[in-house]
Each structure stands twice: as C-alpha cells, then as structure tokens.
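# Observations on the model geometry
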Amino acid sequence: MSGYVLRKLLTLTAVVLVVSLLIFLAVRLLPGDPARMMAGPEASAAAVSRIHAQLGLNRPLAVQYGAFLARAASGDLGTSIESRRPVTEELAAHAPFTIVLGLAAYLLAVGVGVPAGILAAAKPGGHWDRAFSAVAILCVSVANFWVALMAMELFAVRLQWLPLMGAGSPSHVVLPAVTLALAPMGLIGRMTRASMIEILGQDYIRTARAKGLGPFAVYFRHALRNALAPIVTIVGLNLGSVIGGAVVTESVFSWPGLGRLLVDAVRYRDYPVVQGVALVAVIAVVLANLAAELGIAFLDPRMRRA
C-alpha cells in the first residue's frame, strides 16, 4: 500500500507542476495590461514601464515562472496587484466561505444522490426509476447560472423564504448550496443506480435473497459495499465540477468565496491572485482524486497493483 501511495504522490506532483505552468501561461494571455490599469489611462509610457519593472513583468516568462514556483514552494504566492495585500491573506479571507458552500453542496449531492440511485436500482424501469432518471438528466443538463437565477426569483423575490444575496446567516447558504449541488447530485445518483443494478444481478445477491435476508441487508450490507468503487470515483472526480460551478454560483449570489475573488481578479488583471486561486483549486482537486483513489484501493486490493 505504501508503494502505491508513493507512486500516486509522484504522479500527482507532476500533474500539479504541469497544470501550474498552464495556469501561468493562460493568465499572461488575458487581454489587458495590469500595469496600465494600475497607472491609469492618462499615465505615460515611462510610468507604465516602471510598474512593469516593479511587478517583474518585464522579465522573460521562464524567469517569471521560476520565481513563481520558488515562492509558491515556500508558501508565498505574491502580492495582489489590486489590493496590495499578500495573496495568502486574500485566500485565507475568502477560502472559509467556499469551504462552507462546497461542503454543504457536497453533503447534499451525496446525501440525496446515493439513496435516490439505490431506490431507482431497486426496481429498474419502474415509476420511481423513470422519474429519477428524468430528474437526474435535468440536473446535469441545466445551466448552473440559470438555476441560480430561477431560484433567486422564486424563493427570494416571490416567496421571500430565503435571502437573496450575501453570506450574513446560515440561511444565506441554502440557495447557492442547492444550486451548486444539482449537477453532481445527478451524476452521483446515475452512477449509483448503474453500479447497484450491475451488482444486484450477481449470483451472490440472488443467494442472499434466497437465504431470506431482508432488503436492508441485501442492499446495504452486500450490494452497496461492492458497488462503492465507481461511486467513490465519481464523488472524487466531481469536486472539480463543484469548484468550477462555485465561480458562477458565488458571483450570482454575491457569496464572498474564492470563486468571486477569482472573477474580480480576472476583471482587474490581478495575475498573482488569479494564479493563487487557480493553484489552490488544482491542488484541492488533485488531493480529492488522491483520496478517492486511496479509498478505491482500500475497497479493492487489486487496484494497488495498477
């Protein structure tokens, strides 16, 4: 098991390095000049050049990337161009909001998706299965921002059950969490249904039923245990979609998390903040995938030799 973990860590470290390079280059391709935005539209070329030198933007890209990696390895992600605060402080101020929103959305997606998928697999082709399949496809297909706007219109404006925007109380998290949870909920539910249907068709499940075991023992003690590997995989992989959806969801609901911070940083061409948020998001996805793979390896020892 230790050798398996070491191989995965080395592979994921290489992935983080490659993705960090892509992020660094993509940020430089954004239209607009941060030095010009800082200096103002009336500033002279000399003033803009001085700001370029202060920010290190006049150096070759290879040198800039090497400096970025060296600082990031020591925990220094640079200084925000717009706020002049360290990027780590900006991340620390906004990350708790994204963590709360992401956990709420993830718990909702797993807590609803897995049981719904199990119930749909109990009677394939039945009324519940057909209704579940239609709802799951709808959850995956509908645009995140459209769901957010419709939820705001119905529950905040018309019914006035929930707050419209902000993060002042626990009730503020309900609408953005539900909006963010819909797509992964549909995917997790469909994967659970497919995996359970496959397992429920095995001979040992028929034997368990023939021995007189009740539905709870059949579905949860025997079937679900062996169906967990693909479910754990899809749960881990869906963290990326949750982080990506948080960018839109937080912007629509004015939720002060990392997604909104990223949007504001792109608007102001704040290279260090964009790089910092993107790097943290990549590391979070990589760690989630590692946790999912370790969970699968624990459930299925054959995967340790992969």
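Reading the values: rules and limits
- Residues numbered from 1 in each chain as written.
- Predicted model: local features only at pLDDT ≥ 70, side-chain atom pairs only at ≥ 80, totals over all residues.
- Heavy atoms only, no water.
- Bend = angle between axes of the 7 residues up to and from the residue.
- Helix = DSSP H or I, 4+ residues; strand = E, 2+ residues; numbered from the N terminus.
- Buried < 20%, exposed > 50% of the residue type's maximum accessible area, 1.4 Å probe, protein only.
- Salt bridge = Lys/Arg side-chain N within 4 Å of Asp/Glu carboxyl O.
- Arc of directions from axis to C-beta.
- Core = buried A, V, L, I, M, F, W, Y, C linked by side-chain atoms within 4.5 Å.
- Axes fitted to C-alpha atoms, helices over the stretch in contact; angles between N-to-C directions.
- Left-handed = near helix turned anticlockwise from the far one by under 90°.
- Contact = heavy atoms within 4.5 Å.

What follows covers helix α10 (residues 215-237). Because the α-helix completes a turn every 3.6 residues, residues three or four places apart line up on one side. Of all bends in α10, the biggest is about 55°, found at L224. For α10, the set of buried residues is A217, V218, Y219, A223, L224, A227, I231, I234, V235 and G236.

Throughout the structure, instances matching the rule amount to six salt bridges. Where R193 meets D129, a salt bridge forms, and the shortest distance between an N and an O atom there is 2.6 Å. Of this pair, R193 sits in helix α8 (residues 174-200) while D129 sits in helix α6 (residues 127-141), and the two are 64 residues apart along the sequence. The exposure class of R193 is partly exposed, given its relative accessible area of 23%. Overall, D129 belongs to the buried group, its relative accessible area being 4%. A salt bridge links E153 to R158; its shortest N-O distance comes to 3.0 Å. Under the relative-accessibility criterion, E153 is labelled partly exposed at 32%.

Here we take up unusual backbone geometry. Excluding glycine, a negative phi dihedral is what most residues carry, and trans is how most peptide bonds are arranged. Of note in this structure, R84 is not a glycine but carries a positive phi near 65°. With respect to the helices and strands, the residue R84 is situated in the loop between α4 (61-73) and α5 (87-122). Notably, Q160 is not glycine yet its phi reads approximately 55°, a positive angle. A residue is classified by how much of its surface remains accessible, and Q160, at 62% relative accessible area, is exposed.

Right, let's get into helix α3 (residues 45-55). Buried within α3 are the following residues: A47, V48 and I51. Mapping the buried residues of α3 onto a view down its axis gives an arc of 100°, with all of them on the same face. Every exposed residue of α3 that faces more than 90 degrees away from the buried side is listed here: A45 and R50. Looking one or two places after α3, you find G56, whose phi comes out positive at around 80°.

This part is about the nonpolar core. One finds M196 and L200 to be the most contacted residues of the largest nonpolar core, which totals 30 residues. Contributing elements (two or more residues each) for this core: α5, α8, α10 and α11 (239-252). One finds L262, V273, V277 and V286 within the second-largest nonpolar core, a separate group that totals 23 residues.

So, about the packing of helix α7 (residues 144-158) against α8. Contact geometry of α7 with α8 gives a least axis separation of 10 Å together with a crossing angle of 145°. Crossing of α7 over α8 shows right-handed handedness. Contacts between α7 and α8 involve N144, V147, A148, A151, M152, F155 and A156 from the first element and L175, T179, L180 and L182 from the second.

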